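Residues per chain, in single letters:
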Amino acid sequence: MTARDDILNKLRSRGRVPETPPPVWQSRRRFESLAARFAESLPKVKGEVIRVESPDGALETLDTLFNDLGAQRIVANGDLPTLDWAARWPDREWHLVGQSDGDLRAFCAAADVGLSGAEAALAETGSIVVAAGPTKSRLATLLPPVHIALVPESILMPDIFTWTAARRNETPANIAIISGPSKTGDIEQVLAVGVHGPRRFIVILYGE
Amino acid sequence: MSGVTFKQFKFDAHKAIADPVLQGAVDGATRTFRTARAAALADVPDVDELRDHFKAIRSATLSRLADHLETFERQAAAAGAHVHWAQDGAAANRIVVEIARQHGAQMVVKSKSMATEETHLNKALIEAGITPVETDLGEWIIQLAGEPPSHIVGPALHKTRQQVAELFSREVGRPLDPDDIPALTAEARRVLREKFLTADIGISGANLAVAETGSIVLVTNEGNGRLVTSAPPAHIAVVGIEKICPTWDDAAVWLSLLGRSATGQPLSIYTNTITGPARAADLDGPREMHIILMDNGRSGLIGTGYEEVLQCIRCGACLNACPVYQEVGGHSYGNAYSGPIGAVLIPLLFGLESNEALPHASSLCGACLEVCPARIDLPRMLLDLRADEVDQHILSREEHLIESGIAWLLGQRRLFNFLADMGRIFQKPLVDQDRLLAVPPEFNPAGERRLPTLAERSFHDLWNNLREEDDPAAPVYGWLHLAAVVLALLFILRLLKGGKTS
Amino acid sequence: MIDSKRVALKVTCMVDQVMPEVGVATVKLLRRAGYKVEFPVDQTCCGQPFNNSGFRSRAVQLAQRTIEIFEDYAAVVLPGGSCAAMMRKEYPHLLAAWPVWYERAQALAAKTFELSEFLVNQAAWQPQAVPDAPRVTYHDSCHMNRLIGISAEPRALLTAAGCTLVEMDEPGRCCGFGGVFSIRLPEVSNVMTEEKLRRAAATETDLLVASDPGCLMQMRGLVHKTGVRVEHLAIVLEELTR
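Just so it is clear, the model here is predicted, and its values are computed rather than measured.

A. Structural detail: the arrangement of the chains. Inter-chain contacts occur across 2 pairs of chains; the most extensive set of contacts lies between chains A and B. Left apart from each other, chain A and chain C have a closest C-alpha approach of 20 Å.

B. Representation of the sheet that holds strand E4 (residues 201–204) of chain B within the structure. Residues and elements named next belong to chain B. Taken in spatial order, the 6 strands of this open sheet run E1-E10-E7-E4-E2-E3, and their pairing is parallel. With partners counted over all chains shown, the strands left at the sheet margins are strand E1 (82–86) and strand E3 (131–134), one partner each. Across this sheet, the average inter-strand angle for adjacent strands is 25°, counted without regard to direction. For strand E2 (residues 107–110) and E4, the ladder comprises 3 bridges, and the chain directions are parallel. Directly across from Val109, in E4, lies its bridge partner Gly202.

C. Fine view of the packing of helix H18 (residues 397–410) of chain B against helix H4 (residues 56–70) of chain C. For the pair H18(B) and H4(C), interaxial distance at closest approach is 10 Å and the crossing angle is 5°. By the criterion of interaxial angle, the relationship of H18(B) to H4(C) is roughly parallel. Residues B:Ser404, B:Ala407 and B:Leu410 of H18(B) pack against C:Arg58, C:Leu62 and C:Arg65 of H4(C). Looking at the contact of H18(B) with H4(C), its residues break down into 3 nonpolar, 1 polar and 2 charged.

D. A look at unusual backbone geometry. Within the chain, A:Gln189 stands out as a residue other than glycine whose phi angle is a positive 60°. The topology assignment puts A:Gln189 in the loop between strand E10 (183–184) and strand E11 (192–193). A positive phi is found at B:Asn296, a non-glycine position, where the angle reads about 50°. Structurally, the position occupied by B:Asn296 is in the loop between strand E10 (288–294) and helix H13 (317–321). For B:Asn296, a relative accessible area of 12% gives the class buried.

E. How the structure looks around the interface of chain B and chain C. Contacts between chain B and chain C engage 67 residues on the former and 65 residues on the latter. Interface of chain B and chain C: buried area, both sides summed, is about 5800 Å²; carbon and sulfur atoms make up 56% of it. Three residues stand out in chain B for area buried against chain C, namely B:Arg449, B:Phe459 and B:Trp463, and they jointly supply 13% of the buried area on that side. The interface formed by chain B and chain C includes 8 salt bridges. With a shortest N-O distance of 2.4 Å, C:Arg184 and B:Glu399 are connected by a salt bridge. Counting every contact that joins chain B to chain C gives 33 residue pairs in polar contact (both at pLDDT 80 or more). Residue assignment for the side of chain B that touches chain C shows that the elements contributing at least two residues are helix H1 (6–17), helix H2 (20–42), helix H14 (323–328), helix H16 (367–371), helix H17 (378–391), H18, helix H19 (413–426) and helix H20 (459–466) of chain B. When residues in the side of chain B that touches chain C are grouped by element, the largest group, 7 residues, is from H18(B). Grouping the constituent residues of the side of chain B that touches chain C by class yields 30 nonpolar, 15 polar and 22 charged.

Parameters at a glance
- Residues numbered from 1 in each chain as written.
- Chains lettered and ligands numbered in written order.
- Predicted model: local features only at pLDDT ≥ 70, side-chain atom pairs only at ≥ 80, totals over all residues.
- Heavy atoms only, no water.
- Contact = heavy atoms within 4.5 Å.
- Pairing = 2+ DSSP bridges.
- Helix = DSSP H or I, 4+ residues; strand = E, 2+ residues; numbered from the N terminus.
- Axes fitted to C-alpha atoms, helices over the stretch in contact; angles between N-to-C directions.
- Parallel < 35°, antiparallel > 145°, perpendicular 65-115°, else oblique.
- Nonpolar A, V, L, I, M, F, W, Y, C, P; charged D, E, K, R; others polar.
- Buried < 20%, exposed > 50% of the residue type's maximum accessible area, 1.4 Å probe, protein only.
- Buried area = accessible area lost by both parts, 1.4 Å probe.
- Salt bridge = Lys/Arg side-chain N within 4 Å of Asp/Glu carboxyl O.
- Polar contact = N/O pair within 3.5 Å; in protein donor to acceptor, adjacent residues only side chain to side chain.

Right, dumping it as structure tokens:
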């Protein structure tokens, strides 16, 4: 008998009476403003939120951030608004995932900033949801020391329950719910950021 | 693997109690976790109802576990993952080593996993000539120290910054400042980043496995879970069969309680869900994914009074709440699991007789049940395990005699009262001014703690003055009773001298 | 609500043999609250020690014996939280396999009360505030607090009697007793007690009050290290309401 059959037979031979699972738990969160809650939650875990009124405002914010960070090498995922990124910031080095040639992994490892959009944003916890795909790299939001996400207010939802309820049928190979910069408390419970992932996690939350 | 006998537990507990550095570290860490958990739960509307709901999900899932496992297997395979089954830890290790050999792997990176701690996978890998590198900062610290984890969530919480700096300094070959924790962390980032990028395989556990899509979910704060499952060309996940979660809606409930119960976070920083290997068009991510579904003693608990223990999601809240854990530390439990959940799980998975002390490593205070997100009745199961020890004659014959003798005696009210009255007379030379028993510590079964003496008059006796009506029954003692006195005194003496199983 | 003005006292073994003054204070308090107290003299142990050490059949025998002795009374009051919890929660569980005994256990459980719970919720007794009542801190006994949910009642009585209540850090933290645990693993048990006493001492109150004779005995065995005075709730209340 295979291990599989043995385990399944053992489980089935226990005579356990099947129980009916409870009905689906519905989100009980009601926020007056999803954007306000998002902007309130993320900084509690050392994430940063910059709220702007329009997509143009978001790009202006990026100007400032790139300058402040001295960002030379930027890797950008394909879930961002359509724009000729390299043309707007010609003096910086870009890797556009799925478009640029060259070694993505090596570029990510040496990049100053990872730039991404998001599939969804959860107000309660100040989280964004990023997925993997042909133009969406996992390492782009993971290896650079700074991760900047451009998030339109239209993709905000209350919490993880509303997110799973809205889930589509197709599941990509990887979905990450990111709720702050990489951190650890493993040395004497002292908070240290950027242990493996980005040290800074900046969300530019923009209206449309 | 040796078990945890009374002798062993007492030895390790004594060591932990006598170590002020360890005491301080464990006290501080568990208090931080406790406080954060309480605050995080208080912020959730209807949190008690949510916990009840979660318990119902867990119970219903376990009642049809075989079906859910088959669904998981089917969906994971459809997503392109290879699903393996392991009856025990050794089988799981063999499968991992075999896959690693096929890849010609020299070095593997690991994300913190209790399942692979349970199977001692690192040892198996090293024996096969493969170098495992733990990447969770806490796990890396204890790997460098050559120790097992002392806490489910904070494996190195017993280590001080000085000890960590010493370990890291040795690793990088130059002295590091213990007071600069960001620098220590940066050093770990530097060393481990290179490992992530050059490892042949990434190995993880799973916080949960969602059946409806064949996905595994990994929760970390550091991001090592994402790196281990994204950077190397292949990913192996070792998953206990009880970690199955039927749907994404159920997973949302699970996740919303896990972070809050463990570290007081509404969600951990990275909730990483993996469904098969990278798709053909994806530009990064592992090209191969293996999932090992491991039983290792779990299936035998289904349908028994102990099934509930499989509802555990390894949040560690019971450790943080447990006053015994806080004194004895994680290593006294002789296993990767510790605290109240360890005291129940270890005997159930690895044998009651060899771990006889663990069901007794609790004052049954109930703090663990109070904080458990799934409301697992650990005190009830500790009582059940103690009863099993009696039924299976794991406790000594002497103890059986003493307990039975005293229980019988307590059913004989007059005899008992008479014996107690005798005790009042015989104890006189041993009663000190505080009405405590004056015996040298080496003869005192309570150690440093002083035992009480019998009062000069019992309440039964005092009642005669207190009562408002006459009670016709006055005690009469006969010589038969006197004979029984001698026997019972012998019982009591044995209890005081050697009642402890050792 | 129990209508009868007659209650049976289950004094608990430890009070009977080691601290009978707690039993005397309990009788006096119940009388002050207007109750006639009966004391079934055949009572001994509720069986808890045997239940906790795994000797279930012995616990069952003592549970049955206790039910037989007390089931004819309108109400049973105990000056001990864990014995009350044993009768309320564990008896039905222990006797679940025998339907008739289970019924009898349930019936007894429904009319069994811990002292402070009885005084507050059944007797609606309110002590008069005493002007120079002591500053006290209160230790929650684990089973009383977590199994039968009584933590507000003893506090309400103490403050009503004029005491200033200063809460210690985590008053619900175990004192280290745990019955047979305190003998099997005395070193662990004792450090837990020392931690408890340290936290009580930090309140700088006159008195550490508890409602369970087990906790009382445990903490008294180590008070010589801290100088904290440990007293049963019944004693404190009885003295204040004379």
